Every structure is written in C-alpha cells, then in structure tokens.
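Single-letter residue listing:
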Amino acid sequence: MSILSEAQAKAILTKVVGFSKADECTAQLTGSIRGNVRFARNDVSTAGITDNIELSVQVAYGKRVGIATINQFDDAALERVVRRAEELAKLAPENPEFMPAVEKQTYKPTPTYSAATAGITADYRAKVAIDSIAPCRAEKLIAAGYLEDQAGFVAFMNSKGNYGYQTGTSADYTCTVRTEDGRGSGWVGHNVQDVATFNAGEDIRVAMRKASASAEAKALEPGKYTVILEPAAAAGLIQFMFFYFDARSADEGRSFLSKKGGGNKLGEQVFGPQVNFFADPAYPGAAVYPWDEEGLPRGKMPIVENGKLVNMEYSRYWSQKQGKPAMAQPGNLIMTGGTKSTADLVRTTERGILVSRTWYIRMVDPQTVLLTGLTRDGTFYIENGQIKYPIKNFRFNESPVIMLNNVEELGKPVRVKGDEADAPMVVPPMKLRDFTFTSLSDAV
Amino acid sequence: MHRRDFLAFGTMGVGGLILPSMFGKVIAAEELNSVIDVAVKKALADAAMNAAKSAGATYCDVRVGRYLRQFVITRERNVENIVNTESTGVGIRVIAGGAWGFAATNEMTKEAVAKAATQAVAIAKANAPTQSAPVQLAPVKGAGEVSWRTPIVKNSMTVPIKDKVDLLMGVNAAAMDAGADFIRSILFLVNEQKYFASTDGSYIDQDVHRIWAPMEVTAVDKATGKFRVREGLSAPMGLGFEYLDGAASGKTVLPNGVTVYGNSYDMKEDAIAAAKQARAKIKAPSVKPGKYDLVLDPSHTWLTIHESVGHPLELDRVLGYEANYAGTSFATMDKLQANFQYGSDKVNIVADKTQPGSLGAVAFDDEGVKTKKWDLIRNGKLVGYQAIRDQAHIEGKSESDGCCYADSWSNVQFQRMANVSLEPGKAKQSVADMIANVEDGIYIIGDGSFSIDQQRYNAQFGGQLFYEIKQGKITQQIEDVAYQIRTPEFWNACARVCDASDYRLGGSFFDGKGQPAQVSAVSHGSSTARFNGINVINTARSLG
C-alpha cells in the first residue's frame, strides 16, 4: 500500500485538488517502506519495518496558508483534509513572503529507483548482520552496526496543473568494529541507491583491518599537518556546504560569502583552483528527485568552477526580491577530483596524517565557517609514502573555506553520506596542507 | 540531534510542503485540547496483554500514546510557519522465549492491538534462538491504576495561537528596535499523553508537558563585514505556558549586569539584551589563548554536564550497545568498581527523574518503574550509572533506575538520560564571592558550540557571552572563546560551586540516540561553578 502506482497517486491527487475552494491548492503524497537491522556486541539487537503513507494538502487564500495531512484515502477523508487546510488558512496570519504555487513545469525523470534495493527482505537484512558479525567473531573483534533501506515515492499536483511522480530507493550501511581490549577501532560506511553494488562481507574487512591496525597508537603533538582525508572523513566537513551557498544570508551580511559593505561574493575566487562543485539530479549513483521543495525543476547546476563561485541559491522569494532568476535548490552535491585512490595519495606524501573518519563536527564561528570535530576509527602517521604507525585521535579546529584553499591533490570521488545530512554527496579523498589539529583525544 | 541543529530545521520548512513528519500528522489547533478516555486505553491495553499471553509471552507492556506538538516559527516581522501535529497509536513490547519482541499500530481497535501483540510475540520467538542469554528483568511491583500530570499552571495547548503570535511579534519588534538586524524566535510546545500498562499489574496514565522558546538575534556590521549572533538565555522546561510570564521571581541579575532566568522567562527583555550584546560582540576584543580559571554560569554548564557526565554514565553506552552511533564511554565498569576519581571532592552529581520543572520529570518511566533520584558521582567518586530493567543486574543492582523512554508509541523504549545535575555547594557562596577570588579568569554565560569524542574524553565548548576577570573584577566583554577539556581533568579542576540560591536548570529539547534515532528532552541543573587552569583557545580566523 505504501508505494502507490502513478495511476493510483494521480487519481487521489486529482480528487483532492478538485475538492479545494481556496485560491490555490497543492497536494503531495509521500509513501515509503523502511526496513532496518541493528546489531551490537556481535549480536542482533533490533530489527523492524515501518510502512507509512501520507497526504499533505497546502491551500492559500491570498497570502494566508494552511497545511493539513492525513493517512486515510476514502473520498470523505480526502475532502475532510482539504477543508481542514482551508480552515487553518483562514485563521493564519498573512505571510509577507508568500509565493504562489508554481506554474506547470516539465520534469525530466532521474534514475532514483533500484529494484534490487526495493526488493530487500528481512532475510537479506539478517544476512547483512551475520556477514558483518561472523568474521568479527572469528577474529575476536566486536561489531556494532546498522542497515537501513527504503523504497518510496513522491507524487504531487497543484491547481495550476503542475504534476510530478517518481519512485526512489536508498540503503545505508555502517559498522563500527572494535578490538576486544578496546584499543583499536575501525569503521566502514556504504551509502547506495542500488544495493547490487553492496557486499557487507567485503565492506566489513575494511573496518576489521582498521580496528586491528589502529591499536597501539602513538601520540603526536597537535599542530598544523599535511593530511589525507578519506572521502568519509572529508564528507563530515563538506556536508556543511549544503547551507553555504544561500544568496539570502550572504546578501543579509551573515555568511562567509557576504561582501564587506554589502552584497555577496558571486563571481569571486573563494577556493583554490582545484575545487569544483556542482549539483546534478541525474548524477549516476547519486541521483535525486528532479524537483525541489518548491516544485522548481532541477537541472545540472555548476556552483564552484576552478575555485570561483559561479552560482548561488536563490529561493523563489529572494530571487524575486533581488531581480535574479529563481533556480531549484540542489538535492545533491558533487565535488570533482582526479583518478587516484587514497592509497595513491599516501604514496606521494612525504610526511602527513591519514584520517579515516571525522566525528561530532559543530560550527564554532559562522563568520569563517570554523568547524571543530575529531578524528576516529583509524588515524595514521605517513612518512615517505608509507603508513608508519597508528596515532592517537586529534581534535581539529578548521574552516572548510581555508581547507579548500590548501588543496594539494584530490583523488577519485565516491558517493558518501554525512553523519548528519541525508542528501547524497560525491566527495574525493583529499590531500590538504596545514590542517589544524588543536588537541589530542584519548578516545578510541 | 541537538537544539542548535533543530533551529536549522526551523529555517528549512518555509513556504514549501515540508512538514515535520517526524512528529506525526498535522491537525487543527482545537484538537490539541482533547484526550482519549482512560477506559478506552485500558480496554486496548488489556486486549493486547491477553493476546500476548495467549501467544506465549511471559511479559508484556503496552503504551497507548497520543503525542501532540505545536511549533510557531517567526523571523523579524513574519510568521513563517505554524504547525500542529498529532501522533496516536499503540506500542507493544513482549518477552517470549527469553527474547524481546516489539510491534506497533496506529489502529486503535482491540483487534488491531491484539494482532500487533501476536506479531511482537512472533518476533521475540524468532529472535530467541540467536540470543546469547535470556532477558533478565529487574522486578517491579504493579502500580495499580494511577495517574500523574506535569504540575503546570497554563496548558500551552489551550493558549490561543493569536496570543502566541502576538508574543513572538512583540519579542521580534523589541529586538529590532534595540538594534538587531535579524531575529528568529520559535515556540516549541509538547504534550505527551502516555498510558502504560504491563502484566506486572500497572495501569499508569500520565500527561506530560514541555515548553521551549529559543531565539537567535543577529547583528551585522556591513562596513567591516562582521556579524555576531546572540542566542536566547532561556531553558527548555517541564512547565506550562506560565514559563513565559516573565515573573520577577525568575530573574537573576549577575555581577556584570546580565539578566539570566530560572523558572520564569522574560523573552522580550532577553531579546532586547541580546540585540545590544550581539552588537557589543562585534566590537569586543579577541581572547588571548592560554590557561584560565573559568567561572561558568548554569546557562552554560548544563551542556558540559550533559556531554561529559550524562552521556558517559549511560550503561548501554558503557556496554557497547551504542558503539556504532552515539558512541561508547571512557567510564568503564572497572572504573565504577574502583570508585574512579571523576572529579574533585566538590563534585556531587545526581540523576533525578522527579525534579519539578525539569524536562525529564515523570512519576513512572516508560516501563512502569517509579522514578527516583540517585547518585552518579559522590564527593568526586564514580558511584553509579543510569540503567533500566534489563540492565540493572549487569551493574549488580536489584532495581531499575527508572530512566526508560521512547519518543513515540511507534518506537521501542530504551535507556535514556535522566536529568543529571551538579549539586550546589553546601557552604554559602554567591557568584560575586566566587569572582572576587579569581585572578585571571573568564566568565561564560549561555551555551554555544559543543563537540565531544565518542568516548567522552576530549570536549570543546563555546558560549554566548564571555567576560574577562582580572584580579577579582570583571573588566570587559571578550570574544572568540572556546575551552578544550579532558573530562576527568576538567571535573577534578572544579574548585568551588556556588550555593543553592544560584541553582538553575538548562537543558536539551532534542537529544538524539539510537538507530533508528529517537529524541528525548533532559534538564541539567547547577549553581555557578569555578574550574581552575582550563585550556582556552582563540577561535577567530581570517579568510584573507
């Protein structure tokens, strides 16, 4: 029931929009089936499935907006939810920043769905858990991990004739492996649209290797070092980029992209020349729905080219106010790189530090986007192109803006997921000079 | 997810069809006033328990939950969003074959809950063969039919929307008039109507209320390109709408003239102060890094307690159940057995699920255990963890600590942090007395940026307002301050704690843990405390 066919969804949406007496009406159906398995201390701890479908209706009278939702779909329920939204709208204060519903748009379908991911069963999840736990048990390591998969759809229609429908899937696997004595810890994460490319039995070996190799860590003095951030480590800092390129906060003077005296830094060199960011809803392996939250069609959008800021995000309201074209908000963030693996980057490093993963990253100063956080699950000292020994974890205080002006080399980008952002990112391993570590951590 | 992250969430759902679906379906405001008849809840619970027992469960608990939330989100002169959400359903947890099973349904019929109970038993039986040891539950005496309500004066859910909008618009206008360039102000109001029944013989009906009124005030200096934010100094509380009355009894004026708040908050007064202080932050000199004696206001200390004491003393983290998400703990079982010197002899830290006005206060937890107050650290020594029924035996205890919680009927309950607080000093000591003895220090008010490692050793904290202390006197406001600690060294550097007259609560409204993640709300109290010789870094950077 939770994944409606296009015909089913369209029939419901047509009825809903037809019931509305408001100036305008937008209805959206979202449904998903999410499955999960969690394990810790080499035992499965919980497993479950959540099945949900919801209809949201937004109506407007002038600049007064009301929103209501329901999860029943008979005609009486559909009419009731529309009336409820209309009642709320009549009670609501006017929103001076109200934007009318978008006109009819054309959306080009994007490859967001995988039959393999949608077909995941409880047995599949149990196998992922066992494939993770069994090799750890055999080598006296301790695994704690989680797999969550989902298949879902979005469909919407408004009273101006705009309409969209698409299905999507994703799966996210993470596993932390620790040595029995607690002196070594490793981690692996794999975020995919299509589980055909995922094999927990292979992935777990990465975490196991790091757990064993990170024991017996030595302490290095905090300070500025050349670092190689693996994609998962870099993602922790790069995930903040999703909020970086907003034109409104820059124009309002409260962003690192604000200009002294007013305005923003569009067109200026903000990062080193190796740095390129773009968004692309159809990017293979990291595709997203071809519309944004306001219903604007997403296209491929360059954001940073050779370190220069070439596009900023203008919401419909802000674009109208500033006389700029409105552009759909990106749903993913792709950073380009080279062809080298992390191991290749290590081989060309005279002295440096390899960081497997970053953790608990928080904004310290939005003026400079200074972030603090820690390394974990495998931090190693590199000398003459070789990993010499594991080192104790560091706390860093570093701004990605400064970091992306200190790029030595970028490797081959891969899809990653930040710990605290759901949108897919494609990030390369990166070698950076003068990365700032400010203290040591005893944590393993 | 922490409170700062949730503020970011508040900026995302503007204008589009983005609903906080994580909190349930959206409803009309008038529905926030209704309750489900207790007889209906009892009948559903009995149907579930009977079905579970028939299917072979040796234990069953049933939570019939109705979770109501209202958010009012504004910026400057605009109301950006008003959302009312409701989530109602039944969660059933069983033990069968020595293993846990759980199932939930939003269908409020006897047939549906009986079916879910049977499913829960089937899941338990499926899990049983791989279980290394059967679940061992600490005993609980059935409570019979009882009820409890957060002792509120004004139910936030019945206050008209117009009054809430008028309040926030007044706050925003006052901040703008006082020189703010931007303000975002929000009301988060929560009512959990929770009915718990178990085969131990409990039928517990609880009506829990919470309120939070955060704001962010921004000042911009276009000429220099500098901007600074000062967040509100309120605390999320387990109180009704009376918290926003701004009663004089809730105010304390600190030695530097800053007003802080206890059990009553004057949001407009704080907004005006925030506008002026945000402007002052732009011009304040930058801190010289080094070792300082820190004087920490309770509006700041709550977060340090939360991260460096509350979390590491959760038994599931200690045991490794959270290793892949929230993390583990440096405070391992051997340290409990050895009564590890966690802090100085001035450090007494208690866990408390009964404290009036706190976010965590309830009469019974989400597995029917009568709540209590207990010691975690006494005279600086580690003496306890936070454990629930199936963990108590691991710590050698015969009873649960009563700190089990689920954020929804649809999620399974598990161990969550109780209110964890630093006891006030026994000797009479005011903030002014404390500052008079500091030669080279920094006085920190309000919580700021926070980060701690996965075992809770190395942490870094910022704040909202920083003042230099020289030779016992507060000299000037400063900026760019963050301090870095190693947890046991920090708490062992605690030299003094002010007396009970200065005791106030802070807290987190959205503390995240578990996979799938659940949130909980928790308070942390303290009096102003002094920590000697703490490492302070300068966080200013130049982007060239």
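Residues numbered from 1 in each chain as written. Chains lettered and ligands numbered in written order. Predicted model: local features only at pLDDT ≥ 70, side-chain atom pairs only at ≥ 80, totals over all residues.

It is worth spelling out the overall build of chain B at this point. Looking only at helices and strands, one finds ten helices and 26 strands in chain B. In summary, chain B has a C-alpha radius of gyration of 24 Å against a globular reference of 24 Å for 544 residues, a match within 12%. Overall size of chain B, expressed as C-alpha extent along the three principal axes, is 70 × 55 × 45 Å. Taking all 544 residues of chain B together, 59% fall into the buried category. Counting contacts in chain B only where the partners sit at least 6 residues apart, residues at least 24 apart contribute 75% of the total. (Helix = DSSP H or I, 4+ residues; strand = E, 2+ residues; numbered from the N terminus. Rg over C-alpha atoms; globule rule 2.2 N^0.38 Å. Buried ≥ 20, exposed ≤ 12 C-beta atoms within 10 Å, placed from the backbone. Contact = placed C-beta atoms within 7 Å.)

All names here are of chain B. Scored by pLDDT, chain B comes out at a mean of 92, with 94% of its residues at no less than 70. Scored below 50 in pLDDT, residues 1-23 makes 46 contacts in the model with residues more than four places away or belonging to other chains. Scoring the predicted complex yields pTM 0.95 and, for the interface, ipTM 0.93. (pLDDT = per-residue confidence, 0-100.)

Before going further, it helps to spend a moment on the UniProt feature "domain: Metalloprotease TldD/E C-terminal" (unreviewed entry) in chain A. Here the UniProt-annotated "domain: Metalloprotease TldD/E C-terminal" (unreviewed entry) positions come out as residues 222-438 of chain A. The span residues 222-438 of chain A carries 14% helix and 36% strand; its end-to-end C-alpha distance comes to 5 Å. (UniProt positions renumbered as here; feature names shortened; annotations may be inferred.)

Further remarks concern the packing of helix H4 (residues 122-138) of chain A against helix H5 (residues 200-213) of chain A. Residue and element names in this part refer to chain A. Two elements in contact, H4 and H5, have axes separated by 9 Å at closest approach and are oriented at 40°. In terms of orientation, H4 and H5 fall into the oblique class. The way H4 lies across H5 gives a crossing that is right-handed. When H4 is examined against H5, the residues Val 128, Asp 131, Ser 132, Pro 135 and Cys 136 are found in contact with a partner set consisting of Ala 200, Gly 201, Ile 204 and Met 208. A per-class count over the contact of H4 with H5 returns six nonpolar, two polar and one charged. (Axes fitted to C-alpha atoms, helices over the stretch in contact; angles between N-to-C directions. Parallel < 35°, antiparallel > 145°, perpendicular 65-115°, else oblique. Left-handed = near helix turned anticlockwise from the far one by under 90°. Nonpolar A, V, L, I, M, F, W, Y, C, P; charged D, E, K, R; others polar.)

Another point: the UniProt feature "domain: Metalloprotease TldD/E N-terminal" (unreviewed entry) in chain A. On the UniProt side, "domain: Metalloprotease TldD/E N-terminal" (unreviewed entry) is annotated at positions that read residues 34-89 of chain A here. Summarising residues 34-89 of chain A: 27% helix, 59% strand, and an end-to-end C-alpha distance of 33 Å.

Now for the pairing of strand S5 (residues 163-179) of chain A. Residue and element names in this part refer to chain A. Most of S5 is tucked away: 14 of the 17 residues are buried. When strand S4 (residues 141-158) meets S5, the two strands line up antiparallel, connected through 17 bridges. Bridging from a neighbouring strand, Gln 150 pairs with Ser 170 of S5. Connecting the antiparallel pair S4 and S5 is a turn made up of four residues, with Gly 161 showing a positive phi of about 95°. (Pairing = 2+ DSSP bridges.)

Moving on to the sheet that holds strand S18 (residues 425-427) of chain A. Paired through their backbone hydrogen bonds, the strands of a sheet run either parallel or antiparallel. Residues and elements named next belong to chain A. The mixed open sheet is built from six strands, whose spatial order is S10-S9-S8-S11-S18-S17. Only two strands of the sheet have a single neighbouring strand rather than two, namely strand S10 (308-309) and strand S17 (414-416). Of the strands in this sheet, strand S11 (333-335), S17 and S18 touch helix H6 (residues 231-238), which is tilted by about 125° from S18.

Once that is clear, we can look at the domain arrangement of chain B. A common way to express how large an interface is: the accessible area buried when the components associate. All names here are of chain B. The assigned domain composition of chain B is domain 1 (3-283) and domain 2 (290-538). A separation of 22 Å is found between the C-alpha centroids of domain 1 and domain 2. Tallying the contact residues gives 50 residues for domain 1 and 46 residues for domain 2. Those elements that place two or more of their residues in the side of domain 1 that touches domain 2 are helix H1 (3-10), strand S2 (59-75), strand S3 (78-96), strand S4 (99-105), strand S6 (182-198), strand S7 (202-212), strand S9 (226-231) and helix H5 (267-283). For the side of domain 1 that touches domain 2, the leading source of residues is S7, giving six residues. Here the residues of the side of domain 1 that touches domain 2 sort into 27 nonpolar, 14 polar and nine charged. (Domains from an automatic or database assignment.)

This brings us to the nonpolar core. Among the nonpolar cores identified, the biggest contains 293 residues, and Ala48(B), Ala52(B), Ile92(B), Val94(B), Ala117(B) and Ala120(B) are the most heavily contacted of them. If near-sequence neighbours (up to four positions away) are discounted, Ala117(B) is found in contact with Ala48(B), Ala51(B), Ala52(B), Ala55(B), Cys60(B), Ile92(B) and Val94(B). (Core = buried A, V, L, I, M, F, W, Y, C linked by C-beta atoms within 7 Å.)

Residue-level contacts link 51 residues of chain B with 74 residues of chain A. Those elements that provide at least two residues to the side of chain B that touches chain A are strand S1 (25-26), S3, helix H4 (161-177), strand S8 (215-221), S9, strand S19 (440-452), strand S20 (458-470) and strand S22 (481-486) of chain B. When residues of the side of chain B that touches chain A are assigned to their parent elements, the largest contribution, four residues, is made by S19(B). Residues that form the side of chain B that touches chain A fall into these classes: 23 nonpolar, 22 polar and six charged.

Okay, the UniProt feature "domain: Metalloprotease TldD/E N-terminal" (unreviewed entry) in chain B next. Per the UniProt record, "domain: Metalloprotease TldD/E N-terminal" (unreviewed entry) is annotated on residues 60-124 of chain B. Secondary structure across residues 60-124 of chain B divides into 23% helix and 65% strand, with the first and last C-alpha atoms of the span separated by 11 Å.

In this section: the sheet that holds strand S1 (residues 24-40) of chain A. Residue and element names in this part refer to chain A. Strand order in the open sheet formed by six strands is S3-S2-S1-S4-S5-S6, and the pairing between neighbours is antiparallel. Where the open sheet ends on each side, the last strands, each with one partner, are strand S3 (64-70) and strand S6 (185-192). Across the sheet, the mean angle separating the axes of adjacent strands is 15° when strand polarity is ignored. In this sheet, S6 lies alongside S5 in antiparallel orientation, the contact comprising eight bridges. Within S6, the position partnered with Thr 174 by the bridge is Gly 189. This element, H5, spans S4, S5 and S6 of the sheet and lies at about 150° to S6.

This part is about the packing of H4(B) against H5(B). All names here are of chain B. As a packed pair, H4 and H5 sit with axes 8 Å apart at the nearest point and diverge in direction by 25°. As judged from the angle between their axes, H4 and H5 are roughly parallel. For H4 against H5, the interelement crossing comes out right-handed. Touching Gly 170, Val 171, Ala 174 and Ala 175 of H4 are Met 267, Lys 268, Ala 271, Ile 272, Ala 274 and Ala 275, all from H5. Among the residues making up the contact of H4 with H5, the classes are represented as eight nonpolar, one polar and one charged.

A few words now on the domain arrangement of chain A. Residue and element names in this part refer to chain A. Under the domain assignment used here, chain A contains domain 1 (6-211) and domain 2 (216-444). Domain 1 and domain 2 are separated by 25 Å when their C-alpha centres are compared. Counting residues per element, the ones that place at least two in the side of domain 1 that touches domain 2 are S5 and S6. For the side of domain 1 that touches domain 2, the element with the most residues is S6, which contributes six residues.

Turning our eyes to something else, we now look at H4(A). Residues and elements named next belong to chain A. Counted at 1.5 Å a residue, the expected span for H4 with its 17 residues is 24 Å, and the 24 Å between its end C-alpha atoms agrees. Along H4, the positions that sit buried rather than exposed are Arg 125, Val 128, Ala 129, Ser 132, Ile 133 and Cys 136. All buried residues of H4 project into a common sector of 110° when viewed along the axis, lining one side. Exposed and oriented more than 90 degrees from the buried face of H4 are Asp 123 and Ala 138. Looking at the packing, one finds that the buried side of H4 touches S1, strand S2 (43-61), S4, S5 and H5. Lys 140 occupies a position one or two residues after H4 and carries a positive phi of about 55°. (Expected span 1.5 Å × (residues − 1). Arc of directions from axis to C-beta.)

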